[in-house]
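# Summary of structural features
Each chain, letter by letter, is given below.
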Amino acid sequence: IQSGSISVETLGKNEAMLSGNLMAICSSGLIHYLHSHRYPQDFNFDTLESKIRLVENDTSGLTDEDKDPRMLDEAYRWIKIRGWAVTI
């Protein structure tokens with residue numbers, strides 16, 4: 001105990017906050033590491049390519065108008081301007 005006692009005032013100091021945050025982050029990482037080595041899942045990552053269909057390749061529900069390159073360029077420009085405006 002750095003300040004001699006534990007109180008609301010001492011718990012709000014930077015040293016107490018830093019040590020509490022570091023303990024939370026490090027202990028959760030350590031718990032995950034130990035648990036994953038004790039009970040490994042042995043996931044087969046080949047299933048990502050063979051069984052999981054990507055959303056980007058799914059064009060069902062899109063009309064020819066939705067795929068028009070000119071309309072897509074206009075939409076891209078609009079969202080880009082809107083994104084920068086909201087960011088700034």
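Everything in this summary refers to the structure shown in the same document. A quick note: this is a predicted structure, and the numbers were derived from the prediction, not measured. (Residues numbered from 1 in each chain as written. Predicted model: local features only at pLDDT ≥ 70, side-chain atom pairs only at ≥ 80, totals over all residues. Heavy atoms only, no water.)

## Here's the deal with the overall build of the protein chain
Our working definition: In DSSP terms, a helix is any run of H or I states spanning at least four residues, a strand is any run of E spanning at least two, and both are numbered starting from the N terminus. For this measure, only C-alpha atoms enter the radius of gyration; the expected value for a globule follows 2.2 Å times N^0.38, where N is the number of residues. Any residue under 20% of the maximum accessible area for its type is buried, any over 50% is exposed, and the rest in between are partly exposed; the area is computed with a 1.4 Å probe on protein chains only. Computed with a 1.4 Å probe, the accessible areas rest on the Shrake-Rupley method; for each residue, only the protein chains presented here act as cover. All tallies of charge rest on Lys and Arg as positive and Asp and Glu as negative; His and the ends of each chain are not included. Charge positions come from single atoms, namely NZ of Lys, CZ of Arg, CG of Asp or CD of Glu.
Scanning the protein chain for helices and strands turns up four helices and zero strands. Counting from the amino terminus, helix and strand elements in the protein chain follow one another as α-α-α-α. The globule rule puts the C-alpha radius of gyration for 88 residues at 12 Å, and the 26 Å found for the protein chain is more than 25% above it. With the C-alpha coordinates of the protein chain rotated into their principal frame, the extents come out at 75 × 45 × 15 Å. Per-residue burial for the protein chain yields a buried fraction of 2% across its 88 residues. Summed over its atoms, the accessible surface of the protein chain is roughly 8,800 Å², and 60% of this surface lies on carbon and sulfur atoms. For the protein chain, the distance from the average site of its 9 positive side-chain charges to the average site of its 13 negative ones is 3 Å.

## A word on the packing of aromatic side chains
Spelled out, the test is: Put simply, two rings from Phe, Tyr or Trp (the six-membered ring, in Trp's case) pair if the centres are within 6.5 Å, and we call them stacked under 30 degrees between planes, edge-to-face over 60, tilted for the rest.
Applying the stated criterion across every chain yields a total of one aromatic pair. Judged by centre distance (4.8 Å) and plane angle (80 degrees), the rings of Phe43 and Phe45 are edge-to-face. With a relative accessible area of 46%, Phe43 lands in the partly exposed category. With relative accessibility at 58%, the residue Phe45 sits in the exposed group.

## Notes on a negative patch on the surface
To keep it simple, the criterion reads: Patch rule: a residue counts if its relative accessible area is over 30% and it has no salt bridge; like charges are joined within 9 Å, and nonpolar side chains (Val, Leu, Ile, Met, Phe, Trp, Tyr) within 5 Å. The salt bridge criterion pairs a side-chain nitrogen of Lys or Arg with a carboxyl oxygen of Asp or Glu, the two atoms within 4 Å.
A contiguous patch of negative charge on the surface is contributed by Asp64, Glu65, Asp66, Asp68 and Asp73. Take Glu65: it is sitting in the loop between helix 3 (47–50) and helix 4 (69–87).

## Overview of the pattern of salt bridges
Per the stated rule, a full pass over the model turns up one salt bridge. Note that Arg70 is salt-bridged to Glu74, the shortest N-O span being 3.6 Å. Taken as a pair, Arg70 and Glu74 lie in helix 4 at a separation of four residues, close to a single helical turn. Assessed through its relative accessible area of 60%, Arg70 is described here as exposed. A residue is classified by how much of its surface remains accessible, and Glu74, at 39% relative accessible area, is partly exposed.

Read these as spatial facts, not as claims about activity.
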